[in-house]
Amino acid sequence: MKSIQQNQTAEWMFTSNKSYKDPFNEVELSVRFTSADGNGKLAPAFWAGGRNWRVRFASPQIGSYHFQTICSNPSDSGLHGLEGDFRVARYTGANPLFRHGPIRVATDKRHFEHADGTPFFWLGDTWWMGLTKRLTWPKGFQTLTRDRVQKGFSVIQIVAGLYPDMPAFDKRGANEAGYPWEKDYRRINPAYFDMADRRIRHLVESGLAPCIVGCWGYFLPWMGIEKMKKHWQNLVARYGSYPVVWCLAGEGTMPYYLSTSTEADRRLQKNGWNEMAVYLRQIDPYRRPITMHPGGSARKELGADPKHLLEKSTRVLTAITGGWRFKTDPADCGETQFWYRAEIDKSWKPISITAPWTEQGYDYHGAAWYDVECAVSPDVKNPAHLLFHAVDGTAKVWIDGEFAGEQAKSANIMWNRPWALDISKQLASKKKVRITIKTVKDRFACGIYKPVELREQNERQSPAGVSDQSATKTEVCDELIEEIVGDVLDFDMLQTGHGFPCALPNTVKLVNESYQRKPAMPVVEGEVLYDGIGATGGYPQAQRWLFWACILNGAAGFTYG
């Protein structure tokens, strides 16, 4: 009987007894692995070229196992219905990835640990092009690996075939066996990934956890969502049994540098990578941690489009388009003088909320007030929300002179994001209400410049906490996004800038913002100030400053560039 050790990967090969014109796209093979106590995993197999498929499996659990193959073509007796047995024995070596098991998020959601609970510290290195022939195999790759092990690194961030800073099928992206995909993206090139296998396996056997970046983000509009799913299915099948971490894409929502449709590409990538994250979670039987390399923060870039979420979760009761009045408050005395209860006089001027106040004759920054009357539908049943599609500035809201809540986050964060307040209590038994908003913008003033709506929450999709009257818990859009992001991301990866010392305050800011967001998850610096980048302060001392800036502000790890 075949025997493997704990957490180490074993491989089986199966050969079809049928001939397929396009086996990569025509056939799918999975293998169910079941332990003696009945626990099972359904692992995807990968097409290995010709009529061959391979499957890889690893387990931390000692004991006997049984496997059975499941093919999408049940009549293929070379692939379907095959069975076998093997044993998993105790690991006896010193490799921490095998001795303690793969990486996971700890129960406190603030740091990483091995499967047995041993703490794991993320000290990463960036080898974006490490699977190409530019880093020679074996000499160059093994020399660099040995150096990083000696220096205490624990993670290598490495791109799986679809690279940054170059067009598709650039010769710099090839390895000894060519490109990862055929040039029409019809099918993968198994030989490319066979060469990549050597490198990934060497990292793991050296005690370094690969953070596998599926591609650079702009490959999604080039390949399309279905081909990208096939790409990730191949990666999960080949590397999921290893102690890896998944990174959906590099700079996931950034369009290609020479794109002529940047906004369309950005929207496609944002929504597409959200879909891909859900798909990856579904197909990975090992549930390896998932993140995304962003332009800023992964958890802020991922998640469905806010407008789409709001339209899905609520319905419009009233679009408050006309009748708005406006008054500046240069002395910031409106609250102490109760403007939200005072009668409207000639000092209030008509204004549109489809454009900033700076475009309507007000060369002004500071506190300013908006006021409008709104009819209330008599059939409101579920929680009702006052939705602001965008307010550039902080905002406080009163309904009929009663304080309803506020949006107190910085305009740098919220200037173009929708947010909402639950005003169900203030609307009860009313046919009409007066809505008064104080907004403050201390420079480059703007105010309300997108639609304001009264919306009713759909009964089945109310997010947790949305009916709480506390103003700090009424940002419906944020809650919906975080609910989705929390389901598909295990930790937040950051990219906080290049150039020193300018990258330092932004690094502290983004680490703190991410650490404070809900739900809690580990924060990792994924890219900041490459060492030796040139005239932007990329020197070793700056890396040390940035490392401690991250760790002392709560980050779970840091990646050296």
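Our subject is the structure listed above.
Throughout what follows, the structure given in this document is the object of discussion. (Residues numbered from 1 in each chain as written. Predicted model: local features only at pLDDT ≥ 70, side-chain atom pairs only at ≥ 80, totals over all residues. Heavy atoms only, no water.)

Moving on, we come to the overall build of the protein chain. Looking only at helices and strands, the protein chain has 14 helices and 31 strands in total. Each of the three principal axes of the protein chain carries a C-alpha extent, and together these read 90 × 55 × 45 Å. Taken across its 561 residues, the protein chain has 56% of its residues classed as buried. For the protein chain, the share of sequence-separated contacts (at least 6 apart) that also reach a separation of at least 24 residues comes to 75%. Total accessible area computed for the protein chain in this model is approximately 24000 Å², and 52% of it derives from carbon and sulfur atoms. For the protein chain, the separation between the mean place of its 68 positive charges and that of its 62 negative charges on side chains is 4 Å. (Helix = DSSP H or I, 4+ residues; strand = E, 2+ residues; numbered from the N terminus. Buried < 20%, exposed > 50% of the residue type's maximum accessible area, 1.4 Å probe, protein only. Contact = heavy atoms within 4.5 Å. Areas by Shrake-Rupley, 256 points an atom, 1.4 Å probe, with all protein chains shown as cover. Lys, Arg positive; Asp, Glu negative; His and termini not counted. Charge placed at Lys NZ, Arg CZ, Asp CG, Glu CD.)

Moving on to the nonpolar core. Trp122, Tyr239 and Trp273 are the most contacted members of the largest nonpolar core, which has 113 residues in total. Formed by 34 residues, the second largest nonpolar core is a distinct cluster that contains Ala404, Trp419, Leu421 and Val452. (Core = buried A, V, L, I, M, F, W, Y, C linked by side-chain atoms within 4.5 Å.)

The subject of this paragraph is the pairing of strand S28 (residues 452–457). Counting buried positions along S28 gives six out of six residues, so the element sits mostly inside the fold. Side chains Val452, Leu454 and Glu456 project from S28 onto one buried face, and the interleaved Glu453, Arg455 and Gln457 project onto a second face that is buried too. Sheet topology note: the strand S17 (residues 314–319)/S28 ladder contains five bridges and is antiparallel. Looking at the pairing, Val316 lines up with Arg455 of S28. (Pairing = 2+ DSSP bridges.)

Here the focus is the sheet that holds S17. Here we have four strands laid out as an open sheet, ordered S17-S28-S21-S25, and antiparallel in their pairing. For this open sheet the edge positions go to S17 and strand S25 (419–422), each flanked by a neighbour on one side alone. Direction aside, the axes of adjacent strands within the sheet are offset by 35° on average. Across four bridges, strand S21 (residues 384–388) lies against S25 in antiparallel orientation. Across the sheet, His385 pairs through a bridge with Asp422, a residue of S25. (Axes fitted to C-alpha atoms, helices over the stretch in contact; angles between N-to-C directions.)

Taking 1.5 Å per residue, 15 residues should reach 21 Å; helix H6 (residues 225–239) reaches 21 Å between its end C-alpha atoms and fits that length. Burial runs high along H6: 12 of the 15 residues are buried. Turning to H6, its buried residues are Met228, Lys229, Lys230, His231, Trp232, Gln233, Asn234, Leu235, Val236, Ala237, Arg238 and Tyr239. (Expected span 1.5 Å × (residues − 1).)

A few words on helix H13 (residues 503–516). Along its 14 residues, H13 runs 20 Å from first to last C-alpha, staying within 8% of the 20 Å computed at 1.5 Å per residue. For H13, every residue scored as buried is listed here: Ala503, Leu504, Thr507, Leu510, Val511, Glu513 and Ser514.

This brings us to the sheet that holds strand S24 (residues 402–407). The pairing of strands in a sheet happens through backbone hydrogen bonds and is either parallel or antiparallel. Taken in spatial order, the six strands of this open sheet run S19-S18-S20-S26-S23-S24, and their pairing is antiparallel. Edge positions in the sheet fall to strand S19 (349–350) and S24, since each of these pairs with one other strand and no more. One ladder, built from five bridges, connects strand S18 (residues 325–329) with strand S20 (residues 366–375); its direction is antiparallel. Paired with Arg325 across the bridge in S20 is Asp371.

Examined against the element boundaries, Asp170 turns out to sit in the loop between strand S13 (155–159) and helix H4 (190–205). A relative accessible area of 16% means that Asp170 is categorised as buried.

We now examine the state of the cysteines. All chains considered together, the criterion is met by zero disulfides. Not part of a disulfide, Cys247 finds its nearest cysteine sulfur in Cys211, a span of 4.9 Å. (Disulfide = S-S within 2.5 Å.)

Before going further, it helps to spend a moment on empty space enclosed by the protein. On inspection of all chains with the given rule, the structure shows three cavities of 30 Å³ or more. Looking at the largest cavity, its volume works out to about 100 Å³. Together, 13 residues line the largest cavity, and Gly161, Leu162, Ala168, Phe169 and Phe219 are the ones closest to its centre. Here the residues of the lining of the largest cavity are counted per class, giving 10 nonpolar, two polar and one charged. (1 Å grid on protein atoms, 1.4 Å probe; cavity = no way out; pocket = protein on both sides within 12 Å on 5 of 7 lines; lining within 4 Å. Points joined across faces, edges and corners; volume = space filled by probe spheres on them. Nonpolar A, V, L, I, M, F, W, Y, C, P; charged D, E, K, R; others polar.)

In contact at an axis separation of 11 Å, H4 and H6 are set at 40° when each is read in the N-to-C sense. Between H4 and H6, the interaxial angle falls into the category oblique. Here the hand of the crossing between H4 and H6 comes out right-handed. Of the residues in H6, those touching H4 at Pro190, Phe193, Asp194, Ala196, Asp197 and Ile200 are His231, Asn234, Leu235, Arg238 and Tyr239. Grouping the constituent residues of the contact of H4 with H6 by class yields six nonpolar, two polar and three charged. (Parallel < 35°, antiparallel > 145°, perpendicular 65-115°, else oblique. Left-handed = near helix turned anticlockwise from the far one by under 90°.)

Quick look at the pattern of salt bridges now. Taken as a whole and judged by the stated rule, the model has 29 salt bridges. We note a salt bridge from Asp197 to Arg56, for which the minimum N-O separation is 2.7 Å. Placement of Asp197 in helix H4 and of Arg56 in strand S6 (residues 52–57) is noted, with a sequence separation of 141 residues between them. Assigned by exposure class, Asp197 and Arg56 land together as buried. Here Arg172 ties to Asp170 by a salt bridge, and the two come within 2.9 Å at their closest N and O atoms. Given the relative accessible area of 37%, Arg172 is considered partly exposed. The structure contains a network of salt bridges with shared partners spanning Glu11, Arg54, Arg56, Asp194, Asp197 and Arg238. (Salt bridge = Lys/Arg side-chain N within 4 Å of Asp/Glu carboxyl O.)

A few words on the packing of aromatic side chains. The tally for this structure, following the rule as stated, stands at 48 aromatic pairs. Aromatic side chains Phe33 and Phe67 sit 6.1 Å apart centroid to centroid with 50° between the ring planes, which places their arrangement in the tilted category. Here Phe33, found in strand S3 (residues 29–35), pairs with Phe67, found in strand S7 (residues 63–71); they are 34 residues apart in sequence, far enough to count as distant. The buried category is assigned to Phe67, whose relative accessible area is 7%. (Phe/Tyr/Trp six-rings, centres within 6.5 Å; stacked < 30°, edge-to-face > 60°.)

In this section: the environment of Leu203. One can find Leu203 in helix H4. Looking at Leu203, the relative accessible area reads 0%, which means it is buried. Excluding residues that lie within four positions of it along the chain, Leu203 makes contacts with Trp127, Phe141, Thr145, Ile156, Leu208 and Pro210.

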